[in-house]
Every structure is written in structure tokens, then in C-alpha cells.
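# Fold and geometry: a report
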Amino acid sequence: MVQLDNSKIVILGTGGTIAGTAAQAGDNIGYRAAQVGVDQLIRSVASLSSVLGEGNLVTEQVAQVDSKDMGFAIWRELALRCAHWLADRTVKGIVITHGTDTLEETAWFLQSVLQPGKPVVLTCAMRPATALAPDGPQNILDAVTVALDPLAMGVVAVCAGVVHSARDVQKDHPYRLDAFSSGDAGPLGFVEENAVRWVKFDEKATYLSVDSSFFAIESIVDSMPWPRVEIVMNYAGASGAMVDMLVRDGVQGLVAAGTGNGSLHQDLEAALIRAQMAGVKVVRASRCAKGRVLSHSGDRIADSHGLSPVKARVTLMLALLGLQAASPV
Ligand code: ASP
């Protein structure tokens, strides 16, 4: 068959439960993540070749990890492979198979450094590949459907037939197949019978040229080690001890996961202000699953512009690397 222009889909494997195996088919929690290669995974999606057409699928195993162990080296490699394929004009879009645990962080990292005009679709599974009814094959098919959609752009996540933006996606359930939410913002769309029903677009997303993405990624590649940014949480009886220890240990950035509207125990707040005065960059987010910190005149610690604590950490790391990440707002 003749290769049609701009119709290729690249699937990058990184591991996760979607590539997990258990000794017993009925065991949905006692499995090992990241065991099955991406080539074998896509063989379980029988209708993929009819959706894509012959010769239009490329696969690459970028990593093979349980995403609880995701780290900077894999993020760098993943960003580089995405940039490589996004620059190929025969490529329509990219699908990344990923564990659910840190999917939202990888999604926000990739959106921040790539801001791609083409779709980069992260997908996953809550049941291992050996489960009685694995959810991975349908999620892969749905992710490819989104990557092929003419209206798709930027980094999104697809799970259980729901499309989420990189900015809003958040794992909000440790067991259910529909484990993700977009919080107050709501999803971007739904995948139904090999078609996407968009309900909105990510109005805040910005898109970069491929050259600009390469510039951002090169800065990351050259930066070793990455800046150290930690998250501290507010809770009843919180103290500043952890912050003081981290400052002594050379932390460069701190995200405070505050209670409610980013509120902080007075002792924790005092320690964070001391850290700020010592040159540590400090940002205040909310530990609430929905909503955002609303800033108020007189705030002594900047808020995260609506980003969750883990995504605020990604943005703060990129800022410390001198990169202007995707606008949080
Ligand atoms: N621990 C697994 C991972 O994040 C969970 C999953 O993929 O659902 O890789």
C-alpha cells in the first residue's frame, strides 16, 4: 500500500499496568507492571490495523517502568522521542502508553516543553494485560482514535473513553477503570465507537513550533542534575521542621500543598517565608482535588495559578531550568 502523507501514528511504550502481568487472570492488584513490550501490547488490539491502514503504525519502547518510579531521565528521553516524531511530516500524532500513577505529571511536563500542534495522547490501564477483562486494548484504540482526529492537538490523556487536557487531568481513584477526572474543568471529550465527541477545547493551551520545542528540550538535555523541588503538605499540627531540613539540604524550590484556599499552619508558613528569604522559590497550591487557590492582596507566597501540587512542581522545576513552561493560568 502507498504511504499516505501525514497518516502515521507512533506508539511509544513506557510500561505501567497496561503492560503488566499477573500469575492469576483474576488478580487485578497482585501483578507486576511493565512486563509486556509495546509491540505485543498492540497485537491485542485486533482492529488497530483496520483503523490505521497498513504501514501507518510505528512503535518504540522508550522505557519499561511502573510509573510510580518515573524519573527525569525517562522524561528527557520521552520528550526527545516525541520531538523527533512530531517533526516528521508523515506523522499525524503520537500515543504514549504509560502507568496511571504519574500520568498527569508526564502529561503536564510534555505539554509544557513541547506544546505540540499535533496530538500527543497518553493512555493507560487500571487492569494488567493478563486480566479477565483488560481495559488496555480499548484504551489504546481510543487513544489512536483521538490521535487521528483532525481537531486533536496538544498533550491529552485518554482513559475509559474520556479525553482530558494535560492541565486538568488527575488520577482520582486507585481502583476503578475510570480512574481520572478533569475536576471542575470537565473533560475535553469522549471517544465513542471509533469517533471523538469533543465537548470543548483547551482554551488556555498554547502551541509551539517544532523548532521552539527542540530549543526547550535541548535545555533540558543539557541540564544535569535537575533542580530539586519538593512538596510539603499542610495538615493539623504541621510544623516548619520539614521545610527547615530541606533548606539545609539544599532544596531549590518548594511547593506547599495547602489546605483549602492554600492556607498554611502559621508555623509552616513562617518556615516557608524563611525559605523564600533564603532564596528558595516557593509556590502555594491546594491539596483539594477540585478548585484552585484564589490569590488575595497581601499574600506572602505566590499561588500556583490553578495547578495541582504535582503539576506546580513540574512548572517550578522548568522555571528553575530557565524554561518558560506552558502557561498555568
Ligand atoms: N503502578 C502502576 C503504574 O503507574 C499503576 C497503573 O499503571 O495503573 O505504572
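An account of the accompanying structure is given in this report. Quantities reported herein were computed from a predicted structural model and do not represent experimental measurements.

## A look at the site of the ligand
All residues in the neighbourhood of the ligand are listed as Gly 16, Thr 17, Asp 66, Ser 67, Gly 99, Thr 100, Asp 101 and Ala 125. The contact in question runs from an oxygen atom of the ligand to an N or O atom on the side chain of Thr 17, over 2.9 Å. Measuring from a nitrogen atom of the ligand, one finds a side-chain N or O atom of Asp 66 at 2.7 Å. In the complex, 93% of the free accessible area of the ligand, which totals 270 Å², lies under the protein chains. Taken together, the residues of the shell around the ligand break down into one nonpolar, five polar and two charged.

## Examining helix α8 (residues 266-277)
Spanning twelve residues, α8 covers 16 Å between terminal C-alpha atoms, matching the ideal 16 Å at 1.5 Å per step. Where α8 is buried, its residues meet β13 (229-233), α7 (241-248), β14 (253-258) and β15 (281-286).

## With respect to the sheet that holds strand β16 (residues 302-303)
In spatial order, the strands read β13-β14-β15-β16; together these four strands make up an open sheet with parallel pairing. The sheet is open, and its two edges are formed by β13 and β16, each paired on a single side. Looking at chain direction, β13 and β14 are connected through five bridges and run parallel. Within β14, the position partnered with Ile 231 by the bridge is Val 255. Its contacts with the sheet place helix α9 (residues 309-320) against β13, β14 and β15, and it is angled at close to 160° to β14.

## Concerning the sheet that holds strand β6 (residues 119-123)
Taking strand neighbours across the sheet as the criterion, the eight strands line up as β4-β1-β5-β6-β7-β8-β11-β12 in an open arrangement whose pairing is mixed. Only two strands of the sheet have a single partner each, and these edge strands are β4 (57-65) and β12 (195-198). Going from strand to strand, the sheet's axes swing by 25° on average, the running direction of each strand aside. Pairing geometry for strand β11 (residues 189-192) and β12, over four bridges, is antiparallel. Residue pairing in the sheet places Glu 192 in a bridge with Ala 195 of β12. Against the sheet, helix α5 (residues 136-148) engages β1 (8-15), β5 (91-97), β6, β7 (154-159), β8 (162-165), β11 and β12, with an angle of about 150° to β5.

## Quick look at the pairing of β8
Covered by surrounding structure in β8 are Val 162 and His 164 together with Val 163 and Ser 165, the residues of both alternating faces. One ladder, built from four bridges, connects β7 with β8; its direction is antiparallel. The partner of Val 156 across the bridge, within β8, is Ser 165. Hairpin geometry of β7 and β8 is characterised by an intervening segment of two residues between the two adjacent antiparallel strands and by a positive phi of about 55° at Ala 160. Bridge count between β8 and β11: two bridges; the pairing is antiparallel. By the bridge assignment, Val 162 is partnered in β11 with Phe 190.

The rules we used
- Residues numbered from 1 in each chain as written.
- Predicted model: local features only at pLDDT ≥ 70, side-chain atom pairs only at ≥ 80, totals over all residues.
- Heavy atoms only, no water.
- Near = heavy atom within 4 Å.
- Polar contact = N/O pair within 3.5 Å; in protein donor to acceptor, adjacent residues only side chain to side chain.
- Areas by Shrake-Rupley, 256 points an atom, 1.4 Å probe, with all protein chains shown as cover.
- Nonpolar A, V, L, I, M, F, W, Y, C, P; charged D, E, K, R; others polar.
- Helix = DSSP H or I, 4+ residues; strand = E, 2+ residues; numbered from the N terminus.
- Expected span 1.5 Å × (residues − 1).
- Contact = heavy atoms within 4.5 Å.
- Pairing = 2+ DSSP bridges.
- Axes fitted to C-alpha atoms, helices over the stretch in contact; angles between N-to-C directions.
- Buried < 20%, exposed > 50% of the residue type's maximum accessible area, 1.4 Å probe, protein only.

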